[in-house]
Amino acid sequence: MYDLEELKTFIDVMDSGSLTASARRLGVAKSTLSRRIAHLETQLSQPLLRRQANRLLPTEAGSLFLGYAREMLRIAEQSQLALDDLKAEISGGLVIKVHSALARSFMARQAELFLKRHPKASLEIRTLRSAPTLPDGSAIHLWVGTVAECGLRQETLGWITRGVYANPDYLLHRGTPSHPHELKNHAWIDLLGDTESGMTLDHPHHGRYHLPSADSRLRVDQLALHADAIARGQGVGLMPHWMAERRLQHHPDTLVQCLGEWQASPLPVTLLYPYGHQPRKIATLIDQLRQSIPADWQRDTVGMSAVDSPDSATAH
């Protein structure tokens, strides 16, 4: 087992090329540094440094061992940080940037639970209009839809399946569509422009049907507003099943699914965070989000068909 102080001494002397300079930098006597390096060389049974003029240079063994020494020191420091996190109480501020579709319907409840469990922590929720494109170590991100490579670790928490919904009274007056091509005869409520380039619906027996761009009289950028408009009979729209089911629990008979088994491609719910060791407060929030995803999101991951694979999912 190597002594960490000896490793630090060796690395510093290799960087400075001088015992005098390293002694001054580390605040230790030159004789102490010499003893540390000598002990390290004894352990390795090889000389690590040689003197040339007034400068210390590495031997072949010293050059080889330097990389390992740096890595051992890095691992030791990381392990100490991880152990310190275990002792530390979760406190301080966190920022999570959330797709607007999840801000009220999912993240608001998660924030309430997190703050209740950790009284000394604070949480800031910001809604996202677009997926992150660059590394951002200041926040966790939660996005609905596919995300391009952006320098952050990407973890799929689940999949959101969607279908066409309407208010029963609206369908009573306007008729219930039996095939996707009949949607052109209905008022369409558009969310975040997700049908600007048309919409594709899949059926387990009838295959795939692509509708051209829908002419929407109402477009909104919040899932709650979108659901409100559909539930109040202003038209039909594409909604996540889990959200429609939750709404029906509180407001029965306000929504009904149209078109039976016709479904839009599932959207991945993607958690993004920096690579490497995470402070305990961030790791704790990430774990909570993993454990709190609705059962429908988990079920969708298992039941996804070939046409609903991640490669075919489209982002909002």
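Residues numbered from 1 in each chain as written. Predicted model: local features only at pLDDT ≥ 70, side-chain atom pairs only at ≥ 80, totals over all residues. Heavy atoms only, no water.

1. Re the overall build of the protein chain
Consideration 1: Helices and strands together make up the secondary structure of the protein chain, namely 10 helices and 13 strands.
Consideration 2: For 316 residues, the compact-globule formula gives about 20 Å, and the C-alpha radius of gyration of the protein chain, at 29 Å, lies well above that figure.
Consideration 3: Projecting the C-alpha coordinates of the protein chain onto the three principal axes gives extents of approximately 95 × 40 × 30 Å.
Consideration 4: Restricting to contacts in the protein chain with at least 6 residues of sequence separation, those with at least 24 account for 73%.
Consideration 5: Summed over its atoms, the accessible surface of the protein chain is roughly 16,900 Å², and 52% of this surface lies on carbon and sulfur atoms.
Consideration 6: Each charge class in the protein chain was averaged separately, 34 positive and 34 negative side chains, and the resulting centres sit 8 Å apart. (Helix = DSSP H or I, 4+ residues; strand = E, 2+ residues; numbered from the N terminus. Rg over C-alpha atoms; globule rule 2.2 N^0.38 Å. Contact = heavy atoms within 4.5 Å. Areas by Shrake-Rupley, 256 points an atom, 1.4 Å probe, with all protein chains shown as cover. Lys, Arg positive; Asp, Glu negative; His and termini not counted. Charge placed at Lys NZ, Arg CZ, Asp CG, Glu CD.)

2. Some details on the pattern of salt bridges
Consideration 1: In total, this model carries 12 salt bridges according to the counting rule given.
Consideration 2: With a shortest N-O distance of 3.0 Å, Arg25 and Asp12 are connected by a salt bridge. Highlighted residues: Arg25 in helix H2 (residues 19–26) and Asp12 in helix H1 (residues 4–16), separated in sequence by 13 residues.
Consideration 3: As a salt-bridge pair, Asp202 and Arg208 come within 2.7 Å of each other at their nearest N and O atoms.
Consideration 4: Exposure remark for Asp202: the relative accessible area of 7% places this residue in the buried category. (Salt bridge = Lys/Arg side-chain N within 4 Å of Asp/Glu carboxyl O. Buried < 20%, exposed > 50% of the residue type's maximum accessible area, 1.4 Å probe, protein only.)

3. What about the packing of H1 against H2?
Consideration 1: At their nearest, the axes of H1 and H2 sit 8 Å apart, and the two run at 125° to each other. For the element pair H1 / H2, the angle class is oblique. For the element pair H1 and H2, the recorded crossing hand is right-handed. Touching Thr9, Asp12, Val13, Asp15 and Ser16 of H1 are Leu19, Ala21, Ser22, Arg25 and Leu26, all from H2.
Consideration 2: Class assignment for the residues of the contact of H1 with H2 results in 4 nonpolar, 3 polar and 3 charged. (Axes fitted to C-alpha atoms, helices over the stretch in contact; angles between N-to-C directions. Parallel < 35°, antiparallel > 145°, perpendicular 65-115°, else oblique. Left-handed = near helix turned anticlockwise from the far one by under 90°. Nonpolar A, V, L, I, M, F, W, Y, C, P; charged D, E, K, R; others polar.)

4. Considering the packing of aromatic side chains
Remark: the centre distance and the inter-plane angle together describe each pair of aromatic rings, the angle taken between the planes.
Consideration 1: Using the criterion set out here, one finds 4 aromatic pairs in the structure.
Consideration 2: On the basis of an interplanar angle of 45° and a centroid distance of 5.2 Å, the ring pair of Phe106 and Trp297 is categorised as tilted. Of this pair, Phe106 sits in helix H5 (residues 100–117) while Trp297 sits in helix H10 (residues 295–303); the two residues are 191 residues apart in sequence, bridging distant segments of the chain.
Consideration 3: Residue class for Phe106 comes out buried when judged on its relative accessible area of 4%.
Consideration 4: By relative accessible area, which is 0% here, Trp297 ends up buried.
Consideration 5: With a centroid separation of 5.3 Å and an interplanar angle of 85°, the aromatic rings of Trp242 and Trp297 are classed as edge-to-face. Highlighted residues: Trp242 in helix H8 (residues 241–250) and Trp297 in helix H10, separated in sequence by 55 residues. Accessibility assignment for this pair places Trp242 and Trp297 in one class, buried. (Phe/Tyr/Trp six-rings, centres within 6.5 Å; stacked < 30°, edge-to-face > 60°.)

5. Details of helix H7 (residues 223–231)
Consideration 1: Burial of H7 is extensive: 7 of the 9 residues sit out of reach of the surface.
Consideration 2: Where H7 is buried, its residues contact H5, strand E6 (153–166), strand E7 (188–191), strand E10 (216–220), strand E11 (237–240) and H8.
Consideration 3: At the C-terminal side of H7, Gly233 shows a positive phi close to 85°.

6. Notes on the pairing of E6
Consideration 1: In terms of residue burial, E6 counts as a mostly covered element, since 11 of its 14 residues are buried.
Consideration 2: Relative to strand E13 (residues 263–273), E6 is paired through 8 bridges, and the arrangement is antiparallel. Bridge assignment links Gln154 to a residue of E13, and that residue is Leu272.
Consideration 3: Taken together, the 4 bridges between E6 and E11 define a ladder with antiparallel strand orientation. What sits directly across from Tyr165, in E11, is Gly237.
Consideration 4: Bridge count for E6 against strand E12 (residues 256–258) is 3 bridges, and the pairing is antiparallel. Considered in E12, the bridge of Ala166 is made with Val256. (Pairing = 2+ DSSP bridges.)

7. A word on the nonpolar core
Consideration 1: By size, the foremost hydrophobic cluster in this structure holds 41 residues, and its most contacted members are Leu102, Leu142, Met239, Leu271 and Trp297.
Consideration 2: Considering every element that reaches this core, the biggest residue donor is H5, with 6 residues.
Consideration 3: When sequence neighbours within four positions are dropped, the list of residues in contact with Met239 reads Thr161, Arg162, Gly163, Tyr165, His226, Ala227, Ile230, Ala244 and Leu255.
Consideration 4: Membership of the second largest hydrophobic core comes to 19 residues, among which are Leu7, Leu49, Leu66 and Ala69. (Core = buried A, V, L, I, M, F, W, Y, C linked by side-chain atoms within 4.5 Å.)

8. Some words on the pairing of strand E4 (residues 121–128)
Consideration 1: Sheet analysis places strand E3 (residues 92–99) next to E4, joined by 8 bridges and oriented parallel. Looking across to E4, one finds that Ile96 is bridged to Ile125.
Consideration 2: The handedness of the E3 to E4 crossover, carried by H5, is right-handed. (Right-handed = clockwise from strand over helix to strand, strands pointing away.)

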